[in-house]
Structures are given as structure tokens and as C-alpha cells.
Amino acid sequence: MPGRINGGSIPTMNSLISAFAVVLMLTCLPAGAAGPDPATQALIEQLRLDEAERPVRESPGWERPEKIVVMIPSARWGLRDELLESLGKVSDGIEIVTVTGQEFSAEQITILGEAEVILGICSPQLIRIAKNLRWLQHFGTGVDRCLLSPEAKQADFILTNSQHTAGPPIAEHVIAMLMMLTRNLQYFHHLQQEQVWQRPPDTPSPMIEISGKTMLVVGLGGIGTEVARRAAALGMRVIATRRSGREGPEFVDYVGLSDELPELAAQAHVVVNTLPLTRETTGIFGREFFAAVRQGAYFISIGRGRNTDTAELIAALKSGRLAGAGLDVTDPEPLTEGHELWTLPNVIITPHISYMTDQGFERNRIVITENLRRYINGERMLNVVDIGRGY
């Protein structure tokens, strides 16, 4: 039986070696590498955020930054202090410099030109200026305006975005549009404004129940998965397409590849566009798609406006091929005054605001802050964009 000193076991040689190894390992870790706090870890798991396969410290040219540049969009200037306070807690003493506004001053151009780490909005202008860029955290989700530019082809940097953080509000927006269309609420709202009580209603399309109907989610990524989750919970059969494979959550009945879109569209009572904009997805909802879609289906688009051929969409709506459409994105965008889409009675239009929510900034702040902590410590980054694929 081992002896005791002051009521404790006498340490063996093996336990001393193990303790020394733990102390050595902890001392070798970079400063601040304690890992995400419980709230951040819970959000990562809830949103199923993707981690890079390799830690960023293994990337060519990575080193602990000497300065962090934060670009605060003017629309979010009121949230500046909250974001900077959060970033300051993980910056481990590294200087944080802020830049604001759409047009950069000469001083700001110098700052951005020297920056290796930028947290802000990815744009062709920024890529042209930031010659020393090693990592850019894009505050939004879509990076098409940035990556479809010629400047992006020559750039060599890590790009991360805030994908999945807007999934919950966008999915709720889709369901709100679906309910409004299937119950013809846009029609009754118009009657309310005219102070008209009309029974039986002469609605532009039948009022249907969605339980038991089939929804096709085109693009089963983070947002598409949240849409599918809610549709399944309402009793819908959910099918989907994705480019990367046939894997999907248990609440999706079938996941097809991109080339199965026409076949699956013929089955769907509701089609939801959640695609990013790439060369392959530009105009994907065109004549062939609308010819294949089930007669009387509904089309809801929250991906990108240029995924859809607007002329073909209008033709499908006017012919009755589509019973209605809910559009948070359009082509052109913003939708011009006098455009025919404004006047169609079976269309609901919102001005690209489906991501807006009372909790959106908080999720965004958590992911941006966690990625900064990970970059400083050379860990595996969240939401790394494949620049070649465009998402």
C-alpha cells in the first residue's frame, strides 16, 4: 500500500513524469489557446459550422499578426463598440485598427495595403488594395461579388465567411413567404387596405395545406438545411439537391445531385432556391427548369437573384405554371421602378432582408471573434471558403 505525505499519496515516478509532460504541453501552447468558451462551442454545434481540415499554422506564410484591421460597415457603426470589445478579449494584446466607410481615404488605403488580417466586407476594391492580405473574414455569407471579379483569381489568401449564422432567420423567412402564398395573404392584405370584406374570396390561386406536400430545397447547405428542418417539422416531405454528395440529415427524404434538378422539380409543390452564385448556378432557374417544374408549384428564392432568369420566371407566373413566387432576391437588384415583377398579384417581394433578425448580429459577432482567436493561435478555422468553387 503506498505511503502518504500530509494525507496524500506519495507521488510515483510515472505520475511525476506525466505531470511534467502536461505542464510542458501547456507551456508550449500559444497564448490564449484555451479554446472556445461554452457559448461559442454551443453555437458551433448548433449551426454545424465547418472546421478546416488543417490548422492555419500549417498554411504557407502564416504567422501571428502584429495588427488586425476591422472594417466597420456604416450600417453597423452603432454596434462598433460591442464588436471591438469582443475582439479585444481574444486579440491577446495585438493592435486593432478600425476603418469605416465605402470610399477609403489615402490613410485608410495605406492601412489596408499593409494589412495581413482584415475583418470586414470582401470586395474587388479591397482585394486590389490589400496586397499583403493573408486572411480575410467576410462579415456576410455570399462572396460572389468578391470572387467573380478578375482580382480574386490572382489573390492568395484565406477567406472565411459567416455562413450558417443567417440560417435560422432566412429559413423562417422562407416559411413566412410559403404560408403567405399558400393562404393568399398578400391578396387579403390588399383587400384590407381597400377596406373590402369579400366572401367567398376570389383569390388568384387555390388556398392549400402544406402538410403532406413536397418541398425541394435546391442547395442543401447551412441555410438549406435550416429550411428543410422547418418544412419537415410542418409535415412536409423534403427532397434536396447538393453538389458535394448525397449525404443529408434524417429529415430530408432524398438528396440528389445537381443534374437531377429537372427530375426533382417535377415532384415538388414548393421549390426553394438557397444556392450561392457561381458560374454554374447563374441562370440555373431558366426555361428548362420552369418547363420541368410541377404545374401549380410555388417558387421561393433567397439565394441570389442572378440564379434565376427573370423573363422566364415572369412567363411561368403569368402562364400559371407557377402558382406564385416569394422573392427576397431579384435580378436586377435592387428591382427597378416600373418592373413587371412589382405588378404581378401572385408575387411577394422583400428587399434582400431575409437574414435580418434580432439575434443575427450576436451570432455573427461570436463566429467572427472565434475565428480571430483561432487565427492568432494557428488553429483550424471556421467557414473557410473554397475560392475556386466560390462558396
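What counts as what
- Residues numbered from 1 in each chain as written.
- Predicted model: local features only at pLDDT ≥ 70, side-chain atom pairs only at ≥ 80, totals over all residues.
- Heavy atoms only, no water.
- Pairing = 2+ DSSP bridges.
- Helix = DSSP H or I, 4+ residues; strand = E, 2+ residues; numbered from the N terminus.
- Axes fitted to C-alpha atoms, helices over the stretch in contact; angles between N-to-C directions.
- Contact = heavy atoms within 4.5 Å.
- Phe/Tyr/Trp six-rings, centres within 6.5 Å; stacked < 30°, edge-to-face > 60°.
- Buried < 20%, exposed > 50% of the residue type's maximum accessible area, 1.4 Å probe, protein only.
- Right-handed = clockwise from strand over helix to strand, strands pointing away.
- Core = buried A, V, L, I, M, F, W, Y, C linked by side-chain atoms within 4.5 Å.
- Disulfide = S-S within 2.5 Å.
- pLDDT = per-residue confidence, 0-100.
- Expected span 1.5 Å × (residues − 1).

Participant: Sorry, what's going on with the sheet that holds strand 3 (residues 67-72) here?
Facilitator: In a beta sheet, neighbouring strands are held together by backbone hydrogen bonds and run either parallel or antiparallel to one another. Across the sheet, which stays open at both edges, the 5 strands sit in the order 4-3-5-6-7 with parallel pairing between neighbours. Two strands bound the open sheet, and with one partner strand each, they are strand 4 (95-100) and strand 7 (158-160). Taking each pair of neighbouring strands and ignoring which way they run, the sheet shows an average axis angle of 15°. Of the strand pairs in this sheet, strand 5 (residues 117-120) and strand 6 (residues 135-138) are connected by 4 bridges, and their pairing is parallel. Note on strand 6: the bridge partner recorded for Val117 is Trp135. Sitting on the sheet, helix 4 (residues 106-114) is in contact with strand 3, strand 4 and strand 5, with an inclination near 130° to strand 4.

Participant: Please explain the packing of aromatic side chains as it appears in this structure.
Facilitator: Taken as a whole and assessed by the stated rule, the structure comprises 8 aromatic pairs. Here Phe289 and Phe290 contribute two aromatic rings whose centre-to-centre distance is 5.0 Å and whose plane-to-plane angle is 70°, an arrangement assigned as edge-to-face. An aromatic cluster of three or more residues is present, and its members are Phe285, Phe289, Phe290 and Phe299.

Participant: Would you mind going over the pairing of strand 11 (residues 270-273) with me for this structure?
Facilitator: Residues in a regular strand point their side chains to alternate faces of the sheet. Burial of the side chains of strand 11 extends over both faces: Val270 and Val272 are buried on one face and Val271 and Asn273 on the other. Bridge count between strand 8 (residues 214-218) and strand 11: 4 bridges; the pairing is parallel. Directly across from Val217, in strand 11, lies its bridge partner Val272. Assessed by its sense of winding, the connection that carries the chain from strand 11 through helix 12 (residues 287-292) to strand 12 (residues 297-301) is right-handed.

Participant: Would you take a moment to explain the nonpolar core for this structure?
Facilitator: Generally speaking, soluble globular proteins have nonpolar side chains that are buried together. Within the largest apolar cluster, 28 residues are counted, with the highest numbers of intra-cluster contacts made by Met215, Val217, Val227, Val252 and Ile300. Where this core is concerned, the elements lending two or more residues are helix 8 (167-182), strand 8, helix 10 (222-233), strand 9 (237-241), strand 11 and strand 12. Element by element, the count of residues in this core is highest for helix 8, at 6 residues. Aside from chain neighbours lying at most four places away, what touches Met215 is Leu178, Val227, Ala231, Met236, Arg237, Val238, Ile239, Val270 and Val272. Leu264, Leu313, Leu317 and Leu327 belong to the second largest nonpolar core, which has 26 residues in total.

Participant: Even after reading the chapter, I still don't get the state of the cysteines, so can you show me in this structure?
Facilitator: Working definition: the covalent bond between the sulfur atoms of two cysteines is a disulfide. Under the counting rule described, the total for this entry stands at 1 disulfide. The residue that forms a disulfide with Cys122 is Cys146, at a sulfur-sulfur distance of 1.9 Å. Of the two residues, Cys122 is situated in the loop between strand 5 and helix 5 (124-129) and Cys146 in helix 6 (residues 144-147); the sequence distance between them amounts to 24 residues. On the basis of relative accessibility, which here comes to 1%, the residue Cys146 falls in the buried class.

Participant: Even after reading the chapter, I still don't get the confidence of the model for the protein, so can you show me in this structure?
Facilitator: Parts of the model with low pLDDT should not have their predicted coordinates read in detail. Averaged over every residue, the pLDDT of the protein is 88; residues scoring 70 or more account for 90%. Counting interchain partners and residues more than four positions distant, the pLDDT-below-50 stretch residues 1-33 has 16 contacts.

Participant: Sorry if this is basic, but what is going on with helix 8 here?
Facilitator: Residue pairs spaced three or four apart in an α-helix point in one direction, given the helix's 3.6 residues per turn. For helix 8, spanning 16 residues, the distance from its first C-alpha to its last is 22 Å, which sits close to the expected 22 Å at 1.5 Å a residue. When you tally the buried positions in helix 8, you get 12 out of 16 residues, the bulk of the element. Buried within helix 8 are the following residues: Gly167, Pro168, Pro169, Ile170, Ala171, His173, Val174, Ile175, Met177, Leu178, Leu181 and Thr182. Downstream of helix 8 by one or two residues, Asn184 has phi in the positive range, about 55°.

Participant: I tried to follow unusual backbone geometry on my own but got confused; where do I start?
Facilitator: Note on backbone geometry: most residues besides glycine have negative phi, and most peptide bonds are trans. Here the residue pair Asp331 and Pro332 is connected by a cis peptide bond, since its omega of 10° sits within 30 degrees of zero. Residue placement: Pro332 occurs in the loop between strand 13 (322-327) and strand 14 (347-349). The peptide bond linking Glu333 to Pro334 adopts the cis configuration, its omega dihedral lying at 0°. Tracing the sequence through the fold places Pro334 in the loop between strand 13 and strand 14. The residue Asp92 is not glycine, and still its phi comes out positive at about 55°. Looking at the element boundaries, Asp92 is found in the loop between helix 3 (80-90) and strand 4. You will see that Asn184, though not glycine, has its phi angle at about 55°, which is positive. Looking at the secondary structure, you find Asn184 in the loop between helix 8 and helix 9 (185-193). When its relative accessible area of 0% is taken as the criterion, Asn184 is described as buried.

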